[in-house]
Amino acid sequence: MKGKNDVFTERLAVHYDELKWLYMELYDDETRFAELCEGLRGFFEDRKKSLKALDARREADPEWYRGSGLLGMMMYVGQFAGNLKGVAEHLDYVKSCGVNYLHLMPLMESPAGRSDGGYAVADFRKVQEELGTVEDLEALADRCREQGISLCLDFVMNHTSEDHEWARRARAGEKEYQDRYFFYDSWEIPMKFEKTVPQVFPTTAPGNFTWLPDVGKHVMTSFYPYQWDLNYANPVVFNEMVYNYLFLANMGIDVIRLDAVPYIWKELGTTCRNLPQVHTLVRMMRMIGEVVCPGTLLLGEVVMEPVKVAPYFGTVEKPECHMLYNVTTMATVWHTVATQDVRLLKKQLDTVYSLPREYTFLNYLRCHDDIGWGLDYDTLAEWGMQQIPHKQFLNDFFTGRLEDSFSRGELYNNDPITRDARFCGTTASMCGVEKAGFCGDAHGMERAIRLDVMLHAFMLFQAGIPVIYSGDEVGQVNDYTYRDDPEKRLDSRYIHRGAFQWNLVKNIEKEGTVQERLFKSLRKLETLRAEHEAFETHAKAETCESGDNGVLFLKRTGKTETLIGIFNFSREWKETVWTEDGTDLMTGEKIGGDGKVCMRPYDFVWGLLGPDSCGAGTVREA
Ligand code: GLC
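Residues numbered from 1 in each chain as written. Predicted model: local features only at pLDDT ≥ 70, side-chain atom pairs only at ≥ 80, totals over all residues. Heavy atoms only, no water.

### Some thoughts on the overall build of the protein
So, point 1. The helix and strand tally for the protein stands at 22 helices and 26 strands.
So, point 2. For 622 residues, the compact-globule estimate of 2.2 N^0.38 gives 25 Å, and the protein sits close to it at 25 Å.
So, point 3. The principal-axis extent of the C-alpha atoms belonging to the protein is close to 75 × 65 × 50 Å.
So, point 4. Per-residue burial over the protein gives 61% buried out of 622 residues.
So, point 5. Considering only contacts in the protein between residues 6 or more positions apart, those separated by 24 or more positions represent 71%.
So, point 6. Of the roughly 24200 Å² that the protein leaves accessible, carbon and sulfur atoms contribute 51%.
So, point 7. Charged side chains in the protein number 70 positive and 95 negative. The centres of these two groups are separated by 1 Å. (Helix = DSSP H or I, 4+ residues; strand = E, 2+ residues; numbered from the N terminus. Rg over C-alpha atoms; globule rule 2.2 N^0.38 Å. Buried < 20%, exposed > 50% of the residue type's maximum accessible area, 1.4 Å probe, protein only. Contact = heavy atoms within 4.5 Å. Areas by Shrake-Rupley, 256 points an atom, 1.4 Å probe, with all protein chains shown as cover. Lys, Arg positive; Asp, Glu negative; His and termini not counted. Charge placed at Lys NZ, Arg CZ, Asp CG, Glu CD.)

Below you can see the structure in the form of structure tokens.
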């Protein structure tokens, strides 16, 4: 029998040389490295039996998260069920949605009014009082594990709240704690940074520094002024934050979302984004995870252009994050809805599909943040669309200012000088459910539901983990009450973070309601997805020519089957001339042969073909 520390020693031995090399390269500090290794051993020893058993199972099956059976949902605990105990009590609803991956939005202690939706953490080991306790969190994690639900939590590592103990001690003048942040006596160095560092929140929190009159110093604050950037050039910061990460892992959290990870290393004269040291830090965290809690995954929040995103997977020999958000695809989908032109989406998917298949993406239509229009503007320029006017068109379309627009929502960080803005709204509101409901427009509602379902069908057609924003499954629309809340009113992201409308759930069983139609269609798609191996990451995914700029044509070739996905992004009827025999998975009817597939605006087809089919089709306007 192996002794209780042998597993740790063996795992550490696998990574020791590389870990030490990288640590010394950054910090050149043997003592701190030895201290880190001791710390890791402590967390390993504290890790409970059930989690170690899970580690062993997942080590034996490292592909466990790459199938097509995982379905995610993200939610604010308070908005969904009041507190952690409430979430535990409502797990039956979560399960009825088919969800087996649950992302709970930040829930660690965060000061009211200065919380950035929980992303300003004052204590990494204490749950927000109104949501419960760490014991409740651990109990919920246990319960989820028993029920086969993986739990994801944010690890807000770029900054702490100004109320965090380190920040308070720094503010009180303790040099040791000031060294954990970026403190400057004069404006000289901050000004140099400002020359090269872009701003995250240009209108709500301009500048990357905040003047602290009581201390007589400037402190770096890349996000809100109450979020102080941590200085990872200080090894104490790295060690301590690693312990905070392992604390979450030992609570039973399966997926750790590395919040704002591209920002964690700062260097004068650079943009302070995606610097090589960031990759060193993430690589070290990956190795540390593999030593202490290999059942835990790292999900990187990298909201950047595609070339900056993929490097966060690391390499096959030296992996970094297990999963990343498919952010550009998400933004490009909405661009496609507004323009009815699938060319950019096709190009974006070609890029994604050319990446190694072991790269696992998290796919989503909406999350808790705004949609930034981070599109491939070089390509759009070739087609006559310039960045600023195009962003303005998208924002006009989605705020409902254009005549043919059905979407409702609000701008975020609208910069009157650069005329740049991002967008906020729920999926249903963006698809037209809100407007059609308000106007009593039955035809508009039909179309809105079809668009909503089609976009989910598109998302679910991709490999990786699809994640639904809680409320989207029942078509929840925008919540304008945030405007009356002085703590929220300046941050329009709260428009799509409303309290979950439990009354909508009752309609799921009422035939013909928006909720019944959406919920049941989504369930059907999700079930089909879980049943077909060609949705898994190992399948070959490709885009095909549809012959029509309004229609996207995708194909997935698995080991035993070929699937096609045809998505009509236009507001017109289309007719697909389909030459291969196949079955429409949603209806079970035959498609193809000599027949034609007639598609209404926003219709889609998920088709199953024979193993050798090339599945070429052409589309024309009906
Ligand atoms: C991430 C979060 C966002 C937050 C920011 C700062 O981007 O998704 O909500 O404002 O980090 O922590």
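### Structural notes on the nonpolar core
So, point 1. Tyr232, Phe238, Trp334, Phe567 and Trp606 are the most contacted members of the largest nonpolar core, which has 195 residues in total.
So, point 2. Leaving out residues up to four positions away in the same chain, phenylalanine 567 has contacts with Met454, Ala457, Phe458, Phe461, Gly550, Val551, Leu552, Leu554, Met599, Asp603, Phe604 and Trp606.
So, point 3. Counting 10 residues, the second-largest nonpolar core is a separate cluster that includes Val551, Phe553, Ile566 and Ile591. (Core = buried A, V, L, I, M, F, W, Y, C linked by side-chain atoms within 4.5 Å.)

### Digging into the site of the ligand
So, point 1. Near the ligand, the surroundings consist of Asp116, Tyr119, His159, Phe201, Phe223, Gln227, Arg257, Asp259, Glu301, His368, Asp369 and Arg493.
So, point 2. Measuring from an oxygen atom of the ligand, one finds a side-chain N or O atom of histidine 159 at 3.0 Å.
So, point 3. One nitrogen or oxygen atom from the side chain of arginine 257 is found 3.1 Å from an oxygen atom belonging to the ligand. (Near = heavy atom within 4 Å. Polar contact = N/O pair within 3.5 Å; in protein donor to acceptor, adjacent residues only side chain to side chain.)

### Some thoughts on the side chain of asparagine 507
So, point 1. Mapped onto the elements of the fold, asparagine 507 is located in the loop between helix 21 (502-506) and helix 22 (514-531).
So, point 2. Relative accessible area serves as the criterion here: at 17%, asparagine 507 is assigned to the buried category.

### Here we look at the domain arrangement of the protein
So, point 1. Parsing the protein into structural domains produces domain 1 (1-156 + 235-325), domain 2 (159-229), domain 3 (326-515) and domain 4 (539-621).
So, point 2. Taking the mean C-alpha position of each, domain 1 and domain 3 sit 28 Å from one another.
So, point 3. Taken together, the contact between domain 1 and domain 3 spans 39 residues of the former and 36 residues of the latter.
So, point 4. Between domain 1 and domain 3, the buried area comes to about 3000 Å², and carbon and sulfur atoms account for 63% of it.
So, point 5. The interface formed by domain 1 and domain 3 includes one salt bridge. (Domains from an automatic or database assignment. Buried area = accessible area lost by both parts, 1.4 Å probe. Salt bridge = Lys/Arg side-chain N within 4 Å of Asp/Glu carboxyl O.)

### Describing the sheet that holds strand 5 (residues 150-155)
So, point 1. Strand order around the closed barrel formed by eight strands is 1-2-5-11-12-13-14-17, with parallel pairing between neighbours. Between one strand and the next, the sheet's axes are offset by a mean angle of 25 degrees, whatever the strand orientation.
So, point 2. Of the pairings in the sheet, the one linking strand 2 (residues 101-104) to strand 5 comprises four bridges and is parallel in character. Along strand 5, the bridge assignment pairs leucine 104 with leucine 153. (Pairing = 2+ DSSP bridges. Axes fitted to C-alpha atoms, helices over the stretch in contact; angles between N-to-C directions.)

### Looking at the pattern of salt bridges
So, point 1. All told, the structure shown has 50 salt bridges when counted by the stated rule.
So, point 2. The shortest N-O distance in the salt bridge between glutamate 38 and arginine 41 comes to 3.8 Å. Here the residue glutamate 38 and the residue arginine 41 both occupy positions in helix 2 (residues 30-46), the gap between them amounting to three residues, near one helical turn.
So, point 3. Among the charged side chains, a salt-bridge network with shared partners connects Arg114, Glu162, Asp163, Arg171 and Asp214.

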